[in-house]
Amino acid sequence: MKIFGIGRNYLDHAKELKNDVPAEPMFFMMPDTALLTNNKPFYYPEFTKNLHYEVEIVVKISRVGKNISEKFAKRYYDEIALGIDLTARDLQEKCKQKGLPWEICKSFDNAAPISKFVKLSNYPNIQDIDFSLDINGKTVQKANTRDMIFGVDRLIAHISQFVTIKIGDLIYTGTPAGVGPLHIGDNLIGRIGDKKMMDFYIK
Ligand code: ZN
């Protein structure tokens, strides 16, 4: 399986990092070794001094497809989870300045903590889901998927022009504003609506 991450998919977040608002979706990829499951702790790596959290809704692909049109994209997913797209922001700044790819700042081991999956049938509309992240008891990110610049169906249409999607592939759909640094000892609690989805520590 493979993991897609979407960059700059919420206006307020694109602005806070002083990025241009994209005219079409942009994605990067992570290997399966980026996943961190079951609320296991994340060990702060030595290669960064500025590790950031980004809470995101994650969509799981349920069907193989290529060149999927936006209007049929709904048929290709039926579960979501909450994920954190951990980012070495200092390395990312260097990559951006030099126009280099993002693997070293986004795709490292355990860079993608993820919750258990829930059936999408529990939610009437994928573009109307509240989600949030608390760090040490304080809410730092809180958003609704209606504020995505490109909705999930558009993301799937875009990605599948270039890369065949397969059952079990994941899409981290982008983060809203409020990203910031993590420190050893931090406790992260992520929610979809009022439901606690993840609760883990940085060690
Ligand atoms: Zn992200």
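Conventions adopted
Residues numbered from 1 in each chain as written. Predicted model: local features only at pLDDT ≥ 70, side-chain atom pairs only at ≥ 80, totals over all residues. Heavy atoms only, no water. Pairing = 2+ DSSP bridges. Helix = DSSP H or I, 4+ residues; strand = E, 2+ residues; numbered from the N terminus. Phe/Tyr/Trp six-rings, centres within 6.5 Å; stacked < 30°, edge-to-face > 60°. Lys NZ or Arg CZ within 6 Å of the ring centre and 35° of its normal. Donors = N, O, S within 2.8 Å, 3.2 Å for Na, K, Ca; no water. Buried < 20%, exposed > 50% of the residue type's maximum accessible area, 1.4 Å probe, protein only.

This part is about the sheet that holds strand S4 (residues 51-53). Strand order in the open sheet formed by three strands is S7-S4-S13, and the pairing between neighbours is antiparallel. The two strands at the open ends of the sheet, each matched to only one other strand, are strand S7 (87-88) and strand S13 (180-181). Note: S4 against S13, two bridges, orientation antiparallel. Looking at the pairing, Tyr 53 lines up with Gly 180 of S13.

In total, this model carries six aromatic pairs according to the counting rule given. Cluster of aromatic residues (ring-pair linked, three or more members): Phe 4, Phe 27 and Phe 162. Lying over the aromatic face of Phe 117, Lys 60 brings its terminal NZ or CZ to 4.3 Å of the ring centre. Positioned above the aromatic ring of Tyr 76, the side-chain terminus of Arg 63 is 4.8 Å from the ring centre.

The protein atoms donating to the zinc ion are Glu 54 (OE), Glu 56 (OE) and Asp 85 (OD), with metal-donor distances spanning 2.0 to 2.1 Å. The class of Glu 54 is buried, set by a relative accessible area of 3%.

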